[in-house]
Amino acid sequence: PLEDLGFAGMTFTAEIQKFGRTEDVELIPNGATIAVTDENKHEYVRLIAHHRMTAGIFPQIDSFLAGFYELVPPELICIFSPTELELLICGLPDVNIDELQLHTEYGNYRPTDSMIRWFWEALRSFNREERASFLQFVTGTSKVPLGGFAHLQGMRGVQKFSIHKADGGDRGLLPSAHTCYNQLDLPEYVSAEELREKLLLAISEGSEGFGFA
């Protein structure tokens, strides 16, 4: 419950700094009169995230885009997805699989399990572009951290890549990722070939957006 976490009395408002003063803005009409409860807290989180990342910084975004479009016309950029644009600017990364494996943690799997051995075999068989797509899929970016995978960042600071056994017994499931935690949820498969096929399908077709753990 919100009361146990010390969040009682919150409303659908957000604090902003304006010319050195703190002001409250309403996230929805009459938000100042609507209390955040256990029933509507998910909607509050969605609205506050949208405000922090978009609505609350529209002037800064508009100024950035105005300057950016002076250098690169928008018609030349709109043909690229965010992932493609990142790769175009940064180039294909050199993903060191041995180093990634060294700094990986496991949940309900052991490093010696067949699924884990098949996983690393599949990753080593990927070409450079496929490895970049995998890194984008599980971390949200195709860039290798400065200092290597020992310094991989998540929402809690330094957060290692982890592989967790996916819940459920449906072997047709695709691997899924929680980019906030650098976490891959890996279902069990009957062969190394099936694992490689499902993993490639996931990183090529399911690379847009992110999941919440």
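Details of the structure are given in the entry above.
A brief look at the structure comes next.

Quick notes on the rules
Residues numbered from 1 in each chain as written. Predicted model: local features only at pLDDT ≥ 70, side-chain atom pairs only at ≥ 80, totals over all residues. Heavy atoms only, no water. Pairing = 2+ DSSP bridges. Helix = DSSP H or I, 4+ residues; strand = E, 2+ residues; numbered from the N terminus. Phe/Tyr/Trp six-rings, centres within 6.5 Å; stacked < 30°, edge-to-face > 60°. Buried < 20%, exposed > 50% of the residue type's maximum accessible area, 1.4 Å probe, protein only. Axes fitted to C-alpha atoms, helices over the stretch in contact; angles between N-to-C directions. Contact = heavy atoms within 4.5 Å. Parallel < 35°, antiparallel > 145°, perpendicular 65-115°, else oblique. Left-handed = near helix turned anticlockwise from the far one by under 90°. Nonpolar A, V, L, I, M, F, W, Y, C, P; charged D, E, K, R; others polar.

A few words on the pairing of strand β6 (residues 161-165). Within a regular beta strand, the side chains point alternately toward one face of the sheet and then the other, so they alternate between its two faces. By the bridge criterion, 4 bridges tie strand β3 (residues 104-107) to β6 in an arrangement that is parallel. Paired with Gly107 across the two strands is His164, which belongs to β6. As defined by bridge partners, β6 adjoins strand β8 (residues 183-186) across 4 bridges and the pair is classed as parallel. Looking at β8, one finds that Ser162 is bridged to Gln183.

This part takes up the packing of aromatic side chains. To describe a pair of aromatic rings, you give the distance between the ring centres and the angle between the ring planes. Counted under the stated rule, the structure contains 7 aromatic pairs. Note on Phe119 and Phe134: the rings are 5.8 Å apart at their centroids and 55° apart in plane angle, and the pair reads as tilted. Of this pair, Phe119 sits in helix α6 (residues 114-125) while Phe134 sits in helix α7 (residues 128-139), placing them 15 residues apart in sequence. The exposure classification of Phe119 matches that of Phe134, with both residues buried. Members of the aromatic cluster, joined through ring pairs, are Phe119, Trp120, Phe134 and Phe161.

We now examine the sheet that holds β6. Reading across from one edge, β3-β6-β8-β7 is the order of the 4 strands in this open sheet, with mixed pairing throughout. Of all the strands in the sheet, the pair left with one neighbour each is β3 and β7 (176-178). When strand polarity is set aside, the average angle formed by the axes of neighbouring strands in this sheet is 25°. Contacting β3, β6 and β8, α6 crosses the sheet at an angle of about 135° to β6.

This part is about the packing of α6 against helix α8 (residues 192-205). At a minimum axis distance of 9 Å, the contact between α6 and α8 shows a crossing angle of 55°. Looking at the two axes, α6 sits oblique to α8. When the axes of α6 and α8 are compared, the crossing they make is right-handed. Contact with α6, carried on its side by Met115, Trp118, Phe119, Ala122, Leu123 and Ser125, involves Ala192, Leu195, Arg196 and Leu199 of α8 and no other residues of that element. Tallied by class, the residues present in the contact of α6 with α8 amount to 8 nonpolar, 1 polar and 1 charged.

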